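These are the residues of each chain, in order.
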Amino acid sequence: MVQLPPENVRSAVNRLKRAQGQLAGVLRMLEEGRDCEDVVTQLAAVNRALDRAGFSIVASGLKQCMAQEGGADSLDAQKMEKLFLSLS
């Protein structure tokens, strides 16, 4: 199992907290009856923030795997592909 370095964890947590705040804003907009286009625009921003956090986590994990003993030879290509595809 790969453990992410603390600086990568902090970065991912910050991205996810930002997305959480954006999502709270989307909920507030819906409750206030804001314009649909504005809501969808903000929802797209939340989606991008979550994607970036996910890709950051996967990339950090991949980097850790490459640095471990065995490097690229020890990677499970199917598992990595599945992780990347789960974000698309």
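The present account deals with the structure reproduced in this document. Quick caveat: nothing in here was measured; it's all calculated off a predicted structure.

### Considerations on the overall build of the chain
Within the chain one finds three helices and zero strands. When the elements of the chain are put in sequence order from the N terminus, they spell out α-α-α. Within the chain, the fraction of its 88 residues that count as buried is 22%. Intrachain contacts of the chain at a sequence separation of at least 6 include 60% that bridge at least 24 residues. As displayed, the chain offers around 6,600 Å² of accessible surface, 55% of which is attributable to carbon and sulfur atoms.

### Observations regarding a nonpolar patch on the surface
A surface patch of nonpolar side chains, amounting to about 360 Å² of accessible area, comprises Leu23, Leu27, Leu30 and Leu43. Sorting elements by how many residues they give to the nonpolar patch places helix H1 (residues 6–31) first, with three residues. For Leu23, the position within the fold is in helix H1. With relative accessibility at 38%, the residue Leu23 sits in the partly exposed group.

### Details of the environment of Gly61
Summarising the element assignment, Gly61 is placed in helix H2 (residues 36–67). Classification of Gly61 by relative accessible area gives buried; the value is 13%. A C-alpha to C-alpha distance of 9.4 Å links Gly61 and Asn8, two positions 53 residues apart in sequence.

### Examining the pattern of salt bridges
As enumerated under the stated definition, the model contains one salt bridge in all. Here Arg34 and Glu32 are joined by a salt bridge, their closest N and O atoms 4.0 Å apart. Exposure remark for Glu32: the relative accessible area of 51% places this residue in the exposed category.

### Quick notes on H1
Taking 1.5 Å of rise per residue, 26 residues should cover 38 Å, and H1 covers 37 Å from first to last C-alpha, within 8% of that figure. Taken as a whole, H1 has its buried residues at Ala12, Ala19, Gly25, Val26 and Met29. One or two positions beyond H1, positive phi appears at Gly33, with a value near 75°.

### Here's the deal with the environment of Gly25
Looking at the element boundaries, Gly25 is found in helix H1. Separated by 17 residues in sequence, Gly25 and Gln42 have C-alpha atoms that sit 8.0 Å apart.

Criteria and cut-off values
- Residues numbered from 1 in each chain as written.
- Predicted model: local features only at pLDDT ≥ 70, side-chain atom pairs only at ≥ 80, totals over all residues.
- Heavy atoms only, no water.
- Helix = DSSP H or I, 4+ residues; strand = E, 2+ residues; numbered from the N terminus.
- Buried < 20%, exposed > 50% of the residue type's maximum accessible area, 1.4 Å probe, protein only.
- Contact = heavy atoms within 4.5 Å.
- Areas by Shrake-Rupley, 256 points an atom, 1.4 Å probe, with all protein chains shown as cover.
- Patch = residues over 30% accessible without salt bridge, like charges linked within 9 Å, V, L, I, M, F, W, Y side chains within 5 Å.
- Salt bridge = Lys/Arg side-chain N within 4 Å of Asp/Glu carboxyl O.
- Expected span 1.5 Å × (residues − 1).

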